[in-house]
Each structure stands twice: as structure tokens, then as C-alpha cells.
Amino acid sequence: MLPFLTHEAPWFAFIGHPRNRTDLDRLGGMTLLRRYSVDEADFLRKLTHIPPIVAGQVKFRGNAVIGEIIAAMCMPDHMILSSAREVVREAVRLASMRGARAIGLGALTSPATGAGLSVLKEIPHNVALTTGNAYTAAVAVRNVEEASTFVRKNDPHIAVLGCTGSVGFAVSHLLAQAGYRLTLIGRNAERARSLFGGLVSNVHFAGDLQVLSQVDVLVILTNDISAAVRPQLLPPGAVVIDIAQPPNIARDCYQNFQMRDIAVFEGGLVRIPGYICTYDFGLPEATTFAFLAETYIFAREGITEHSTGRALPEMARYLGQLAVKHHITPYPLASAPKEFCPKIAGRISPNSRFAGEMPF
């Protein structure tokens, strides 16, 4: 069922797409479409002809902010095609027509539009477009800080997979500036080295996944099939933070990692006071994505400047400060359902400052 659409304009709109069949089945009308489809291929073909829809509403107890979730009707394998750009443009037009003051891009809608750059002309005056990359980078750094306490090493080896991407650029800079022993992994090690050449000397570069055998904490910021992470690549005791959306590692594969004593967490999640969403993203209770939270921050603050392209570390820090102002907190990895990472529970101190809510 679609939510009741009020005449009141939303403060913000968050644009996403079905990440998997479960997401798709949560959208209203899909059962009817399947009924009138010859087979699965026919169903998916018809799906791409459905215009973007308002899939849910977001409210916050105690304040007047209202947001809407807009679904671009493309599955992940279609979002990498050039035709997906027009689908996202249609979703942006719908968000503008609904009156949103801030528009956020989620999952693959950002890379499909060149991190938002190719849809800027669709944005009305005094409306901000954001990819959510900057605040996601800030939350990713906090995730690493927490995960580093699980491996019980004074100088854990951190790796960033997808370092040259829109989120990875800021994450890599922030982690390097924090002094971590760091390996940055991209498709081309030389390109990564040229991009981050000014970083401190404890940063190394790699162009493949073989380096993962020496890693204590892995941050995943890409779901490219060529960068698919398998448990055999990592050493026992490693911690993986999967921030890619759709995820690089499917939840039903977590058990394969657990068998090698490797903990996998879904990172990049936050808690916003009073957050209520009528669309179920399949996240832990009362949590949402950092990139949705960034759109909320833009709406609350009345920011009208766009945040598109590659996220910069300065913007990540700034949005981290605004998140504190609005009492938005990163969701602690230690709070993840224990069935996802049962062996990690023994490494977490009950007195850890990461065991519950934490300031950024």
C-alpha cells in the first residue's frame, strides 16, 4: 500500500530504488504486477516502465519535519545502465513537484547520475540536492574507530575498498589524518596513489584484493562485482564493515564469514531522535541510513547549496558537527543483532562507550 499523500509539502525527499527482491515486494502493487506478468523476465521488463512512486513517509516525534521516500523503479543491475539516469531524473522531478526543500540520492541513484552532477539542472532554485556521501563518510570513520576495539591490537591494519569513490575519498583522508595504518584499495593502484599522494607515509596502495590477507578491519564502499569480498580473502579475527548499498556481502552470506571467525557488520547507519518511516528498509529498529540523515540535516538547517560529486573531508566534519547539534548518533556496531556476528560478542566489553548511544 502506498502512504496517504497529504497536501502538505514534504521538507525533504529521499530517492532510492529496490536493492533486492525483498525491497521490491515491500512496494505496493507488485503482487498485482506479478499476477499479470508471463514470467519473471516479463515482470522485470514491465517494472522498468513504471514511473517513480512515493513509497513511504518519514516523520519525527517532537518536530514538524516530514519526508518522503521516492522509489525509482529499477533493480540494481538496471541502475548501472545509461537509461537509469533518466529514471532518476524522473524521481527528482517528482520530488520537486511534491515541494521538497532538500532532495537526497540513495544507493545506486548517486553513481547513476555522476554523484548527482548530471541532474542538477532538474533542481529548482533554493532546493538542495545531496548525495549523502559526506555524512556517510563521517559515520564510516566512527564505525572504524569502534571496530578497531574489537580486534584488540594497538595498531590495527585498516583497509578501504573503494577508496577512490565518492564516499571513499573522504573516508580515506579522514582515516589517514587520524593516524591509522592504512591500505587504500582501488581498481588501479597508481590512480589511487596519484589521488592521495599528499597523505602521510603510513598509507599503502593496492589494486587487487590479495592484500586483504593482512587486514584487521576492512571498510567496504563498493558493490562492484569485481570487488566482491569472500571469506577466504580475510584472516580469522578480521572485522568487516560493509557500507555499500546494495551491500557487497549479502546477509545470507554472513554465516560463511562467521565460520572463519570473521565478523561482518552493516555500517553507515544512524539513529535520529523520533524517527518513524512507513517503508521498511529491513534495518535494525529505529535506525536509518546516514545518507538519508544527511538529507534530513539539509532540510532542518535550510541548506540550499548542493552537496554533489566526490565528498570532501571538510564537508564530512561539518555534517558530523550538525549531526551532533540535532542529536543524530551513529548506530553502534556492537548493537547489531548477534545472529549476524555471534563470535564478536565475546570481544565487546559491556562497559565500552560503543555499547550504546554515542556522540559523534
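Presented here is a report on the structure given in the accompanying data block.

Once that is clear, we can look at the side chain of Glu146. Relative to the assigned elements, Glu146 resides in helix H6 (residues 133-148). Buried Glu146, no salt bridge; nearest opposite-charge side chain is Arg142, N-O distance 7.4 Å. Only 2.8 Å separates the side chain of Glu146 from the backbone nitrogen of Leu333, close enough to count as a polar contact.

Among the nonpolar cores identified, the biggest contains 86 residues, and Phe12, Leu27, Tyr135, Leu175, Leu184, Phe281 and Ile328 are the most heavily contacted of them. Here this core takes nine residues from H6, the largest share from any one element. Each residue touching Leu175, except ones within four places of it in the same chain, is listed here: Val141, Val144, Ile158, Val160, Tyr180 and Leu182.

Let's shift gears to helix H5 (residues 84-98). With 15 residues, H5 ought to run about 21 Å at 1.5 Å a step, and its terminal C-alpha atoms sit 21 Å apart, in line with that. On its buried face, H5 is in contact with strand S1 (12-16), strand S2 (53-60), strand S3 (66-71), helix H4 (76-79) and strand S4 (102-105). A positive phi of about 95° marks Gly99, the residue just after H5.

Quick look at unusual backbone geometry now. Pro246 follows Gln245 through a cis peptide bond whose omega is -5°. If you trace the backbone, Pro246 turns up in the loop between strand S10 (239-242) and helix H9 (254-258). At Ala286, a position not held by glycine, the phi torsion is positive, near 65°. Mapping Ala286 onto the fold places it in the loop between strand S13 (275-277) and strand S14 (288-289). Non-glycine residue His327 carries a positive phi angle of around 60°. Looking at the element boundaries, His327 is found in the loop between helix H11 (313-325) and strand S15 (329-330). Overall, the relative accessible area of 59% leaves His327 in the exposed class.

Cut-off values and rules
- Residues numbered from 1 in each chain as written.
- Predicted model: local features only at pLDDT ≥ 70, side-chain atom pairs only at ≥ 80, totals over all residues.
- Heavy atoms only, no water.
- Helix = DSSP H or I, 4+ residues; strand = E, 2+ residues; numbered from the N terminus.
- Buried < 20%, exposed > 50% of the residue type's maximum accessible area, 1.4 Å probe, protein only.
- Lys, Arg positive; Asp, Glu negative; His and termini not counted.
- Salt bridge = Lys/Arg side-chain N within 4 Å of Asp/Glu carboxyl O.
- Polar contact = N/O pair within 3.5 Å; in protein donor to acceptor, adjacent residues only side chain to side chain.
- Core = buried A, V, L, I, M, F, W, Y, C linked by side-chain atoms within 4.5 Å.
- Contact = heavy atoms within 4.5 Å.
- Expected span 1.5 Å × (residues − 1).

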